[in-house]
Amino acid sequence: MLDYIGFLVSEEEKNTICENAERMRWKVEQSERRTFIATPYRFRTELQTVWDAIDSLEEGTTLERITVTTRTEGLDKNLVQLFGQALPSFISGADTEL
């Protein structure tokens, strides 16, 4: 079962994403170290702003592809609302899994 997907973001990006989540009426849990956003898709999104918290992160490391499936419709549309841009390979159709 997929618990959460984490994203390393700037403080400004985190604030914008949290505002978007609150407008979408998604639950936002913030702490000093990290922030979680509960989605209606049976997984949470973690927003991490502390670069040192990420093991073996090399400059320029990017996520090029991820596939998440879910039975609940609207994931792509809602992630565009949340992040302000499309994320790769989020699809509907099966149980929530990575």
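Check the entry above for the structure.
Now for a quick tour of the structure. Model, not experiment: these values are computed from the prediction.

1. Let's talk about the packing of aromatic side chains
Moving on, step 1. Overall, the coordinates contain 3 aromatic pairs when judged by the stated rule.
Moving on, step 2. When the centroid spacing of 5.1 Å and the interplanar angle of 80 degrees are considered together, the rings of Tyr-4 and Phe-36 count as edge-to-face. Here Tyr-4 is found in strand E1 (residues 4–8), whereas its partner Phe-36 is found in strand E3 (residues 34–38), with 32 residues between them in sequence.
Moving on, step 3. Look at Phe-7 and Phe-83: their rings are 4.9 Å apart centre to centre, the planes differ by 55 degrees, and that puts the pair in the tilted class. Remark: Phe-83 occurs in helix H2 (residues 75–83) and Phe-7 occurs in strand E1; sequence separation between them is 76 residues. Comparing Phe-7 with Phe-83 shows no difference in burial state: the two are buried.

2. Here's the deal with the pattern of salt bridges
Moving on, step 1. Enumeration according to the criterion identifies 4 salt bridges in this entry.
Moving on, step 2. Glu-46 serves as the salt-bridge partner of Arg-34, at 3.6 Å between the closest nitrogen and oxygen. Here the residue Arg-34 occupies a position in strand E3, and Glu-46 occupies one in strand E4 (residues 44–48), the gap between them amounting to 12 residues.

3. So, the packing of helix H1 (residues 11–23) against H2
Moving on, step 1. One can describe the packing of H1 onto H2 by two numbers: an axis separation of 7 Å at closest approach and a directional angle of 130 degrees. One finds that H1 runs oblique with respect to H2. For the pair H1 and H2, the contacting residues are Ile-17, Asn-20 and Ala-21 in the first and Gln-81, Leu-82 and Phe-83 in the second.
Moving on, step 2. Residue classes in the contact of H1 with H2 are distributed as 4 nonpolar, 2 polar and no charged.

4. Brief notes about the sheet that holds E3
The strands making up a sheet are joined through hydrogen bonds of the backbone, oriented either antiparallel or parallel.
Moving on, step 1. Taken in spatial order, the 4 strands of this open sheet run E1-E4-E3-E2, and their pairing is mixed. Each having just a single partner strand, E1 and strand E2 (28–30) make up the two edges of the open sheet. The sheet shows a mean angle of 20 degrees between the axes of neighbouring strands, taken without regard to direction.
Moving on, step 2. In the sheet, E1 pairs with E4 via 5 bridges, with the strands oriented parallel. Counterpart to Leu-8 in the pairing with E4 is Gln-48.
Moving on, step 3. Packing of H1 onto the sheet brings it into contact with E2, E3 and E4, and relative to E2 it is tilted by some 145 degrees.

Reading guide: rules and limits
- Residues numbered from 1 in each chain as written.
- Predicted model: local features only at pLDDT ≥ 70, side-chain atom pairs only at ≥ 80, totals over all residues.
- Heavy atoms only, no water.
- Phe/Tyr/Trp six-rings, centres within 6.5 Å; stacked < 30°, edge-to-face > 60°.
- Helix = DSSP H or I, 4+ residues; strand = E, 2+ residues; numbered from the N terminus.
- Buried < 20%, exposed > 50% of the residue type's maximum accessible area, 1.4 Å probe, protein only.
- Salt bridge = Lys/Arg side-chain N within 4 Å of Asp/Glu carboxyl O.
- Axes fitted to C-alpha atoms, helices over the stretch in contact; angles between N-to-C directions.
- Parallel < 35°, antiparallel > 145°, perpendicular 65-115°, else oblique.
- Contact = heavy atoms within 4.5 Å.
- Nonpolar A, V, L, I, M, F, W, Y, C, P; charged D, E, K, R; others polar.
- Pairing = 2+ DSSP bridges.

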